[in-house]
Protein chains: 2
Amino acid sequence: MKSRPYGYQISPPERGTSFDNHIERRLSSLRNKFSDGEAFQAMLHSGDPLIYEVYENRRPETAGELLSGLSIVHPGRVGNEYFMTKGHYHMVRDTAEVYYCMQGKGALLMENESGDTAVEEFYPGRVVYVTPCWAHRSINTGEEDLVTFFVYPGHAGHDYGTIDATGFRKRLVQQNGLPTVVDNPLWSEIRR
Amino acid sequence: MKSRPYGYQISPPERGTSFDNHIERRLSSLRNKFSDGEAFQAMLHSGDPLIYEVYENRRPETAGELLSGLSIVHPGRVGNEYFMTKGHYHMVRDTAEVYYCMQGKGALLMENESGDTAVEEFYPGRVVYVTPCWAHRSINTGEEDLVTFFVYPGHAGHDYGTIDATGFRKRLVQQNGLPTVVDNPLWSEIRR
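Residues numbered from 1 in each chain as written. Chains lettered and ligands numbered in written order. Predicted model: local features only at pLDDT ≥ 70, side-chain atom pairs only at ≥ 80, totals over all residues. Heavy atoms only, no water.

### Topic: the confidence of the model for chain A
Selection criterion: Per residue, pLDDT captures the predictor's confidence, and it can take any value from 0 to 100.
Chain-level pLDDT for chain A is 92 on average; 93% of the residues reach the 70-or-more range. Both confidence scores are given for the complex: pTM 0.94, ipTM 0.92.

### Section: the state of the cysteines
For clarity, the cut-off: Note on terminology: disulfide denotes any pair of cysteine sulfur atoms within 2.5 Å.
Scanning all chains against the criterion turns up zero disulfides over all chains. No disulfide involves C101 of chain A; its sulfur sits 18 Å from the nearest other cysteine sulfur, which is in C101 of chain B.

### A few points about the interface of chain B and chain A
As a reminder of what qualifies: Contacts: residue pairs with any heavy atoms within 4.5 Å of one another. In this description, buried area is defined as the sum, over both parts, of the accessible area (probe of 1.4 Å) that is lost when the two are combined. Counted as salt bridges are all cases of a side-chain nitrogen of Lys or Arg within 4 Å of a carboxyl oxygen of Asp or Glu. Counted as a polar contact is a pair of N or O atoms within 3.5 Å, where, for protein atoms, one must be capable of donating a hydrogen and the other of accepting one, and residues adjacent in sequence contribute only when both atoms are in side chains. In DSSP terms, a helix is any run of H or I states spanning at least four residues, a strand is any run of E spanning at least two, and both are numbered starting from the N terminus. Here the term charged refers only to Asp, Glu, Lys and Arg, the term nonpolar to Ala, Val, Leu, Ile, Met, Phe, Trp, Tyr, Cys and Pro, and the term polar to all other amino acids, Gly among them.
Every contact between the two is made by 44 residues of chain B and, on the other side, 44 residues of chain A. Taking both partners together, chain B and chain A bury about 3300 Å²; carbon and sulfur atoms supply 60% of that area. For chain B, the biggest contributors to the area lost against chain A are P5, L66 and Y129 of chain B; these three give 21% of the whole. Along the contact surface separating chain B from chain A lie zero salt bridges. Along the contact surface separating chain B from chain A lie ten residue pairs in polar contact (both at pLDDT 80 or more). Elements represented by at least two residues in the side of chain B that touches chain A include exactly β1 (6–9), β4 (66–73), β7 (97–103), β9 (117–122), β10 (126–130) and β12 (146–153) of chain B. The leading source of residues in the side of chain B that touches chain A is β10 of chain B, at five residues. Of the residues contributing to the side of chain B that touches chain A, the split by class is 24 nonpolar, eleven polar and nine charged.

### Focus: the side chain of K86 of chain B
All names here are of chain B. Heads up, the rule is: A simple rule labels every residue: compare its accessible area, found with a 1.4 Å probe on the protein chains alone, to the largest value its type can have, and call it buried under 20%, exposed over 50%, or partly exposed in between. Just so you know, the count uses Lys and Arg for positive and Asp and Glu for negative, and it drops His and the chain ends.
Structurally, K86 is set in the loop between β6 (81–82) and β7. No salt bridge is formed by the buried K86. Its closest oppositely charged neighbour is D164, at 6.1 Å. K86 has contacts with R25, S29, L30, K33, Y52, R137, Y160, I163 and F168, leaving out every residue within four places of it along the chain.

### So, the packing of aromatic side chains
Keep this limit in mind: Any two rings among Phe, Tyr and Trp, with Trp reduced to its six-membered ring, count as a pair given centres within 6.5 Å; such a pair is stacked if its planes are under 30 degrees apart, edge-to-face if over 60, and tilted if neither.
Scanning all chains against the criterion turns up eleven aromatic pairs over all chains. Ring plane angle 25° and centroid distance 5.5 Å describe the contact between Y6 of chain A and Y129 of chain B, whose orientation is recorded as stacked. With Y6 of chain A in strand β1 (residues 6–9) and Y129 of chain B in strand β10, the pair connects residues from two separate chains. For the pair Y6 of chain A and Y129 of chain B, a shared accessibility class is recorded, and that class is buried. Note on Y100 of chain A and F149 of chain B: the rings are 6.0 Å apart at their centroids and 35° apart in plane angle, and the pair reads as tilted. With one member in each of two chains, Y100 of chain A in strand β7 (residues 97–103) and F149 of chain B in strand β12 form a pair that bridges those chains.

### Overview of the pairing of β7 of chain A
Residues and elements named next belong to chain A. The test is simple: Two strands form a pair only when DSSP identifies at least two bridges running between them.
Most of β7 sits out of view: six of its seven residues are buried. Sheet topology places β7 next to strand β10 (residues 126–130); four bridges connect them, and they run antiparallel. From the neighbouring strand, Y99 faces β10, where its bridge partner is V128. In this structure, β7 lies alongside strand β12 (residues 146–153), joined through five bridges in antiparallel fashion. Within the sheet, the bridge partner assigned to Y100 lies in β12 and is F149.

### Digging into helix α2 (residues 37–45) of chain A
Residues and elements named next belong to chain A. Formally: The directions considered for the arc run from the helix axis to the C-beta atoms.
If you check which residues of α2 are buried, you get A39, F40 and L44. Buried residues in α2, looked at end-on, bunch into an arc of 135°, giving them a common side. Across α2 from its buried face, at more than 90 degrees, point the exposed residues E38, A42 and H45. In this fold, the buried residues of α2 make contact with β5 (77–78).

Right, dumping it as structure tokens:
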């Protein structure tokens, strides 16, 4: 972790050299996230593919620091549902996040604990601002990698448990060849 | 100011529609910042050119929010010194900033109150991370606009006064046709 200002190249992504943390999420880490359980099991048995990756630079987890890096969601679907990230709230709810789309197409699916939902498109050159208190999930609706550059406050933290327990209220699926937002039949408020 | 998540396009820049705050800085607002006073006066009398602009979206000034937008430094020189921003510390010193260079070439000149200095290059695709407690100034060393996308914590604030009083320890000037970092003969520690 550097104690002085520093620069790094993100386009074209020099992933190996620019970052000091690399996270890989395979299908097996997304159990119960996709609606089509049979398609999930079949894909799991055929090789547990890599669904998404995160490259970032570690920083102190304090309010004045910023965590930044690249999110890469690979293209594909489980049944008719697009490859996506687990999705999470920030542990410190009152913290925002900025995404800048560098490559590919897709969407950021968001919801808050009041029951509001939001979907913002990703395409190259577009910024999405996640206002504080909104859970967020990146979804790749295209044929190539969806690459976004993200920045969030150092003290935000990750809460995956809330989404693990309830799922998101909405899903992004392919219908008639097009990305379509539908209600999530498995969404549950049990936890609350 | 939006209360829900939102998206906006920054490349190609749709400046008019994507942002709700626009700041313009002309040469006259940079008095005593450039080392060549005669060149400054001559340029001022010939029309007070626009040196840089900032487009941003307003957000609440709290630790969990993020301020983001575009900085555009136009090309040119005052004498042999490249067009640049005023430069500032954050009012809350212990806050970072992330810059992503979208267009043009230049550098971010930085220093901290311990007397350390740093210069990081800007070119398209490059991120510069300004660690907390470092003053920073964008400088355009190219022939076209230098466009960077910035993100900083909502509670950071701006302290222009410290740099107004002392200047930066270093300058970026054209020597033998190339950008060169030199000591600032006018740098003063009087204030401390």
